[in-house]
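Per-entry structural report
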Amino acid sequence: MTNSIHNMNLNPSPFEMIKSGKKTIELRLFDEKRQQIKVNDTIVFTDTKSKEKLTAKVTNLYKFDNFEKLYKTLPLLKCGYTPDNVGKAHFSDMQEYYSVEEQEKYGVIGIELCLI
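Source: prediction; values computed, not measured.

The helix and strand inventory of the protein stands at 4 helices and 5 strands. Each helix and strand of the protein, ordered N terminal to C terminal, gives the series β-α-β-α-β-β-α-α-β. The C-alpha atoms of the protein give a radius of gyration of 14 Å, which matches the 13 Å a tight globule of 116 residues would have. Each principal axis of the C-alpha atoms in the protein carries an extent, and together these give about 35 × 30 × 25 Å. In the protein, buried positions account for 40% of the 116 residues. Of all intrachain contacts in the protein linking residues separated by at least 6 positions in sequence, the fraction that spans at least 24 positions is 72%. Of the roughly 6800 Å² of accessible surface on the protein, 50% is carried by carbon and sulfur atoms.

Structural data, given as C-alpha cells:
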C-alpha cells in the first residue's frame, strides 16, 4: 500500500510556525478531504501569501467530535498557540474557520506532523 500526498493551504502565521517547528499539530475539520489522510502520508503545505511550500509527514491523527473536546485533550502549544496567547486559547477560536454545524457534521482532527 502506498502512502498518499495531500495538499493544504495555510495562512502565513501557521505556515511559519510549522516551518520553525513550534507547531506540530495542524487542526482541521474532519471532512471528506481530511478523511483520506492516514499516518505516514505526506502533506505539502502552501503559504497562501508567499506560495512557499513545505513538506511534512503525518505521524499521528487525533479525531474528536468537536474543537471543544480537542482543546481539552491536545497540548495547545503544539497546535499553534504560543506561551503569550495560550492562556486566552478557546475552542471557539476555530469557529473563524469552521462552523459549529460543520463540526457536528464531520467532527474535527488534529494532524500531528514531522517536517521532512
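Now for the pattern of salt bridges. For the structure shown, the criterion picks out 6 salt bridges. Here Lys19 ties to Glu52 by a salt bridge, and the two come within 2.7 Å at their closest N and O atoms. Highlighted residues: Lys19 in helix H1 (residues 12–20) and Glu52 in the loop between strand E3 (42–47) and strand E4 (53–64), separated in sequence by 33 residues. Here Lys19 falls in the partly exposed class, since its relative accessible area comes to 40%. For Glu52, a relative accessible area of 31% translates into the label partly exposed. A salt bridge links Lys72 to Glu68; the shortest N-O distance between them is 3.5 Å. In this pair, Lys72 and Glu68 both sit in helix H3 (residues 67–73), 4 residues apart, roughly one turn of the helix.

The next thing to look at is the sheet that holds strand E5 (residues 108–115). In spatial order, the strands read E1-E3-E4-E5-E2; together these 5 strands make up an open sheet with mixed pairing. With partners counted over all chains shown, the strands left at the sheet margins are strand E1 (5–10) and strand E2 (25–29), one partner each. Put simply, the sheet's adjacent strands are angled 40° from each other on average, direction ignored. Pairing analysis gives 6 bridges linking E1 to E3, with the strands arranged parallel. Note that in E3 the partner of Asn7 across the bridge is Val44. Lying on the sheet, H1 is in contact with E1, E2, E3, E4 and E5; it crosses E3 at an angle near 130°.

What follows deals with the side chain of Asp41. Tracing the backbone shows Asp41 in the loop between helix H2 (32–35) and E3. Buried charge without a partner: Asp41 forms no salt bridge, and the closest opposite charge is Lys38, 6.8 Å away. Among the polar contacts made by the side chain of Asp41, one reaches the side chain of His6 at a distance of 2.8 Å. The residues touching Asp41, leaving out its near neighbours within four places in the chain, are Asn3, Ser4, His6, Gln36, Ala56, Lys57 and Val58.

About the criteria used
- Residues numbered from 1 in each chain as written.
- Predicted model: local features only at pLDDT ≥ 70, side-chain atom pairs only at ≥ 80, totals over all residues.
- Heavy atoms only, no water.
- Helix = DSSP H or I, 4+ residues; strand = E, 2+ residues; numbered from the N terminus.
- Rg over C-alpha atoms; globule rule 2.2 N^0.38 Å.
- Buried < 20%, exposed > 50% of the residue type's maximum accessible area, 1.4 Å probe, protein only.
- Contact = heavy atoms within 4.5 Å.
- Areas by Shrake-Rupley, 256 points an atom, 1.4 Å probe, with all protein chains shown as cover.
- Salt bridge = Lys/Arg side-chain N within 4 Å of Asp/Glu carboxyl O.
- Pairing = 2+ DSSP bridges.
- Axes fitted to C-alpha atoms, helices over the stretch in contact; angles between N-to-C directions.
- Lys, Arg positive; Asp, Glu negative; His and termini not counted.
- Polar contact = N/O pair within 3.5 Å; in protein donor to acceptor, adjacent residues only side chain to side chain.

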